[in-house]
Amino acid sequence: MTHQTHAYHMVNPSPWPLTGALSAFLLTSGLIMWFHFYYTLLLATGLLASAMTMFQWWRDVVREGTYQGHHTPPVQKGLRYGMVLFIISEIFFFAGFFWAFYHSSLAPTPQTGGHWPPTGILPLNPMEVPLLNTAVLLASGVTITWAHHSLMEANRKESAQALLMTIALGAYFTYLQMSEYSETSFTISDGIYGSTFFMATGFHGLHVIIGTTFLATCYIRQQMYHFTSSHHFGFEAAAWYWHFVDVVWLFLYISIYWWGS
Amino acid sequence: MALPLRPLSRGLASAAKEGHGGTGARTWRLLTFVLALPSVALCTLNAYLHSGNRPRPEFIAYPHLRIRTKRFPWGDGNHTLFHNSHVNPLPTGYESP
């Protein structure tokens, strides 16, 4: 028999899971070599290897789905489950940093002054750039919804325009946060306040960059006619991830920027 | 054996239908230009108006701040990644006057 009589995808053998695992090992040992021995070669190799793995693996998924037709409804359902589970794992990742923040801020130690923010810390005014950041991400949630509906209504021009606006807003957020990081009077080395602030907002910023990259990939694919009005799971996954990033920011804003100031 | 294709159903987001209350692309485009982007513009203006150089806080060598238990793995190991010498003092005080 040369054709399958089921709707599932029996994936061809691929080297990318192995290169992914190897790059993860290089990244972790590379970080240790950098932090403890100031040696960067392992880390650089790991970053290159993981970037190449991601590019080639996801390129193959696009080939399998868009060009070879393997993404039937049950296969797409599996991909949806996968993305949802991944986002849930990311929620747990951020939960750790929020735990650290609340642990430290709900019962401030006498060593830092017995109050929160600790003595000597001048927190950012939540009504200035942080508020702007909130407006930017919320707006990007509106534009990505516009993009999705335009896509479903087969409006190429508007879905491209709305997606581009979403990417621009994501880039604007990153620019604003980077300038905030340069302007704060406190740094990551300023005790528990600095640690919790920069770990939580820093990882969030990294996720904004990842999300923006995902959206940019969707834009390129849309321009290459990969999506149809009824089948565009890559776009939906990017949109879900983007909304997740937005929600994490809202929690950060309310907990760290507003309540914590 | 041919498998029946189950159509993927999505709640309020189905195809071109705007339905009652209008949740189609037209509605979200309107929200973008009438609510979302003006809010960003207003908040940008607000942040810009409130920006500007503030007098920097006096340096007090608190032991719980400017912690250096290990040197940073870049530069001279004594500066944070986004170090701004105007507002970030080193453990020994501000670098620039």
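Along every chain, residues carry numbers that run from 1 in the direction the sequence is written. Lettering for chains starts from A, numbering for ligands starts from 1, and both go in the order in which the items are written. This being a predicted model, a pLDDT of at least 70 is required before a residue's local features are given, and a value of 80 or more before pairs of side-chain atoms are given or counted; all residues contribute to the totals for chains, interfaces and linings. No hydrogens and no water enter the side-chain calculation; it runs on all heavy atoms of the structure.

Under the annotation held in an unreviewed UniProt entry, chain B carries the name Cytochrome c oxidase subunit and is attributed to Aotus nancymaae. UniProt positions are given in the numbering used here, feature names are shortened, and annotations may be inferred rather than shown by experiment. If you open the UniProt record of chain B and go to Sequence similarities (unreviewed entry), you find "Belongs to the cytochrome c oxidase subunit 6A family."

Per an unreviewed UniProt entry, chain A goes by the name Cytochrome c oxidase subunit 3 and belongs to Aotus nancymaae. Looking at chain A in UniProt, the text filed under Catalytic activity (unreviewed entry) is "4 Fe(II)-[cytochrome c] + O2 + 8 H(+)(in) = 4 Fe(III)-[cytochrome c] + 2 H2O + 4 H(+)(out)".

(A) Expanded view of the packing of aromatic side chains. For Phe, Tyr and Trp, rings pair up if their centres lie within 6.5 Å, where Trp contributes its six-membered ring, and each pair is then called stacked (planes under 30 degrees apart), edge-to-face (over 60) or tilted (otherwise). A full pass over the atoms with the stated rule returns 33 aromatic pairs over all chains. Centre to centre, the rings of Phe93 of chain A and Phe203 of chain A are 5.0 Å apart; their planes meet at 90 degrees, and the pair counts as edge-to-face. Of this pair, Phe93 of chain A sits in helix α3 (residues 73–106) while Phe203 of chain A is found in helix α6 (residues 191–223), placing the two residues 110 residues apart along the sequence. Look at Phe203 of chain A and you get partly exposed, because its relative accessible area is 25%. Judged by centre distance (6.3 Å) and plane angle (70 degrees), the rings of Phe59 of chain B and Tyr94 of chain B are edge-to-face. Helix and strand assignments come from DSSP, with helices taken as H or I runs of at least 4 residues and strands as E runs of at least 2, each series counted from the N terminus. Exposed residues in this analysis have more than 50% of their type's maximum accessible area, buried residues have under 20%, and partly exposed residues fall in between, with area computed by a 1.4 Å probe over protein chains only.

(B) Representation of the nonpolar core. In this text, buried Ala, Val, Leu, Ile, Met, Phe, Trp, Tyr and Cys residues form a nonpolar core when linked through side-chain atoms within 4.5 Å. Of all hydrophobic cores here, the largest spans 58 residues; its most connected members are Phe197 and Phe235 of chain A. If you list the elements that add at least two residues to this core, you get α3, α4 (129–152), α5 (156–183), α6 and α7 (233–259) of chain A together with α1 (25–49) of chain B. When residues of this core are assigned to their parent elements, the largest contribution, 15 residues, is made by α7 of chain A. Contacts between residues were defined by any pair of non-hydrogen atoms, one from each residue, lying within 4.5 Å. For Phe235 of chain A, the residues in contact, after removing those within four places along its chain, are Ile144, Ala147, His148, Leu151, Leu163, Cys218 and Phe227 of chain A.

(C) Highlighting the environment of Tyr48 of chain B. Residue and element names in this part refer to chain B. Within the element layout of this structure, Tyr48 appears in helix α1. Residue classification places Tyr48 among the exposed residues on the basis of a relative accessible area of 63%. Expressed as a C-alpha distance, the spacing of Tyr48 and Trp28, which sit 20 residues apart in the sequence, is 28 Å.

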